[in-house]
Amino acid sequence: MSDFNLIDEGWISVVTDYKGTTRLVGLKEFFENAHNYIGLAGDMPTQDFALMRFLLAILHTVFSRYDAKGEPYEMVELDQRMRQVEEVDDEDAEEYEDALLETWQDLWKAGKFPQIVCDYLEAWRDRFYLFDDQYPFYQLTKEQVTPDKISKTQPSEILGKNMNRTISESGNKVAIFSPRYASRGNKDQLTLQEAVRWLITYQSYTGLSDKVIFGKEKYKSSKGWLFDLGGVYLSSSNLYKTLLLNLQLINYSNPEFNQTIEKPCWEYSPSELLEKYLASETLDNIAELYTAWSRGICIDKVNPEEAFSMDIVKIPEIRHTDQFLEAMTIWRFNDSGENKGKFTPRKHQLNKAMWRSFGLITKNESMDESKDKIPKRKPGIIDWLNHIEDFIQGERVQVNAISMEDDGNATSWVPTNEITDEIRMEESVLNDTKDLGWVNRINDVVEETKEVVDKIYRGFINDIKKIRNIESKDFTSKYIEEMYYQLDKPFRDWLENINYQDNKDEKIQEWLKTLKKLVVYEAEKMLKNSGTRDYIGITEKESVKNIATAFNHFMFRLNKKL
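A quick note: this is a predicted structure, and the numbers were derived from the prediction, not measured.

### Some details on the packing of helix H15 (residues 504-528) against helix H17 (residues 547-561)
- Following both chains from N to C, one finds H15 and H17 inclined at 175°, their axes separated by 11 Å at the closest point. Classified by the angle between their axes, H15 and H17 sit roughly antiparallel to one another. On H17, the residues touching Lys516, Val519, Val520, Ala523, Glu524, Met526 and Leu527 of H15 are Ile547, Phe551, Phe554, Met555, Leu558 and Asn559.

### A short note on the pairing of strand E6 (residues 156-159)
- Burial of the side chains of E6 is restricted to one face: Ser156 and Ile158 are buried, whereas none of Glu157 and Leu159 on the reverse face is.
- Here four bridges tie E6 to strand E9 (residues 309-314), and the two strands are oriented antiparallel to one another. Within E9, the residue paired with leucine 159 across the bridge is serine 309.

### Here we look at the nonpolar core
- Ranked by internal contacts, the top residues of the largest apolar core, which has 165 residues, are Leu27, Phe30, Phe31 and Phe54.
- With 13 residues, the single largest contributor to this core is helix H13 (residues 438-467).
- Beyond its immediate stretch of four places on either side in the chain, phenylalanine 31 contacts Leu55, Ile58, Leu59, Phe113, Val117, Cys118 and Leu121.

### Brief notes about empty space enclosed by the protein
- Following the criterion strictly, the structure yields three cavities of 30 Å³ or more and no others.
- Quantified by volume, the largest cavity comes out at close to 170 Å³.
- Lining of the largest cavity is provided by 15 residues; of these, Gln248, Leu249, Phe257, Asn258 and Glu262 occupy positions nearest its centre.

### Comments concerning the sheet that holds strand E12 (residues 396-406)
- What the three strands build is an open sheet, ordered E7-E12-E13; its pairing is antiparallel. The sheet is open, and its two edges are formed by strand E7 (231-235) and strand E13 (415-426), each paired on a single side. Recorded for the sheet is a direction-independent mean angle of 20° between the axes of neighbouring strands.
- In the sheet, E7 pairs with E12 via five bridges, with the strands oriented antiparallel. Counterpart to serine 235 in the pairing with E12 is glutamine 398.
- Across the sheet, helix H11 (residues 380-387) is in contact with E7 and E12; its angle to E7 comes to roughly 30°.
- On top of the sheet, helix H14 (residues 474-496) reaches E12 and E13; it is set at about 40° to E13, its chief contact.

### Observations concerning the pattern of salt bridges
- For the structure shown, the criterion picks out 37 salt bridges.
- For glutamate 122, the salt bridge goes to arginine 125, with nearest N and O atoms at 2.7 Å.
- A salt bridge links aspartate 463 to lysine 545; its shortest N-O distance comes to 3.0 Å. Of this pair, aspartate 463 sits in helix H13 while lysine 545 sits in strand E15 (residues 543-545); the two residues are 82 residues apart in sequence, bridging distant segments of the chain. With respect to class, aspartate 463 is no different from lysine 545; both count as buried.
- Overlapping salt bridges bring together Asp463, Lys466, Glu540 and Lys545 as one network.

Reading the values: the criteria
- Residues numbered from 1 in each chain as written.
- Predicted model: local features only at pLDDT ≥ 70, side-chain atom pairs only at ≥ 80, totals over all residues.
- Heavy atoms only, no water.
- Axes fitted to C-alpha atoms, helices over the stretch in contact; angles between N-to-C directions.
- Helix = DSSP H or I, 4+ residues; strand = E, 2+ residues; numbered from the N terminus.
- Parallel < 35°, antiparallel > 145°, perpendicular 65-115°, else oblique.
- Contact = heavy atoms within 4.5 Å.
- Buried < 20%, exposed > 50% of the residue type's maximum accessible area, 1.4 Å probe, protein only.
- Pairing = 2+ DSSP bridges.
- Core = buried A, V, L, I, M, F, W, Y, C linked by side-chain atoms within 4.5 Å.
- 1 Å grid on protein atoms, 1.4 Å probe; cavity = no way out; pocket = protein on both sides within 12 Å on 5 of 7 lines; lining within 4 Å.
- Points joined across faces, edges and corners; volume = space filled by probe spheres on them.
- Salt bridge = Lys/Arg side-chain N within 4 Å of Asp/Glu carboxyl O.

Below you can see the structure in the form of structure tokens.
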């Protein structure tokens, strides 16, 4: 029996005006009116990120096969269900890439999605039922998780409070500050609409606390592909523009992915999908990556008045090393360990502003070019933005960061918190990647700012720590983070107010003056709040070190640097 079709039923929460009004829409209504919506408004930003990638997978699939007018590309052969039959021939590769770029340009000019998107959804209507005997959405059938196919007598059970990451409560610890009260099973209750959103999210951010696998031979299990990402995505004034900015139809840094067939999960039966996952096949298309599962899931029913539960079984992990199909993450080059010499996704750090990682977001550097001899690779979505510069001139683009923090326990990796941040910049500034362009100059400013805080100001704080004979390891880090906090908003304001035509030297001097003023102000606060012991000081190398000499040394180093 089929029930709750995602094409018609309202389940995607969107913001419809600047008063913050939200409404629930189905897939058909969403794609017909995306240009009228400001943004996604799910239960939390990590959920919106997972959902956005699901929506992008639909668009990648459609526009890898059809142009903006709804006409199939000449070099692509399709079957009756609008599915691509064979990869594009090598001899047609250049012409195909030109056609893809023209499609993107036409979509940007059109300002709304064409009918072909809804036509495609209609062709695959039977794959978008939350409940179905053959093709349950993002799930397996019960026949695929029977005792003879898994490592234990039954799958692991996940309750609503485990799946709902606004609660994220395990069976061992109570979430004290839960947004839902605990009586009458309220924490475990989900509506159908919530269940769909959390289902997509759970496949992306899972953890490893469950124990059941397929078969008897162990494998490295997935904790959700998005769980390990330092997510990066672009946004603009409405959802249509936001989706298009992230619709990387051409991979310029790894063109081998441009001719492959898009394979979203709904174009395969549950048994076909499970076979692919267990075979650990290499991913070569973005729609498959954006809809990748971390668990084989079975949901029996959803009754909003009863406790929600679902059965889950672990699925093998996607290869992380040099997985450059992924466009929405920052990267770490590993100079040691099991992944030595390779790139892996790097998660964002809690309490570390996005602008402090500006070079990781905007620059590519080889080992020879990098000052610290560690290569850098910018996110694919930023590389894509650099290539569509001519089509979106004057557009205000926001670069967003998103990560899920974990508990640090390698046996469970329980999600504990989400990390979000953003940088607002003029598009032409973000795309000015010439040697003496804005991107390189801003990156130099960021590095100079970090040197002032992490070396010069830190040296002053460490001197005070020594004078006061403080042993706590947290003393210095507390003041360093406070300094970054004081710099955060002024730097963001400076960055957002840069115009492409501004004189670079004058604009940079403007920030360096602000930087010096703020750092000196914080150091002077320490001086004003000092006591007798600080002025008596200590003897070091036959000379007296006190707060006055430490401050003078700090000012000498700061003036020399700035």
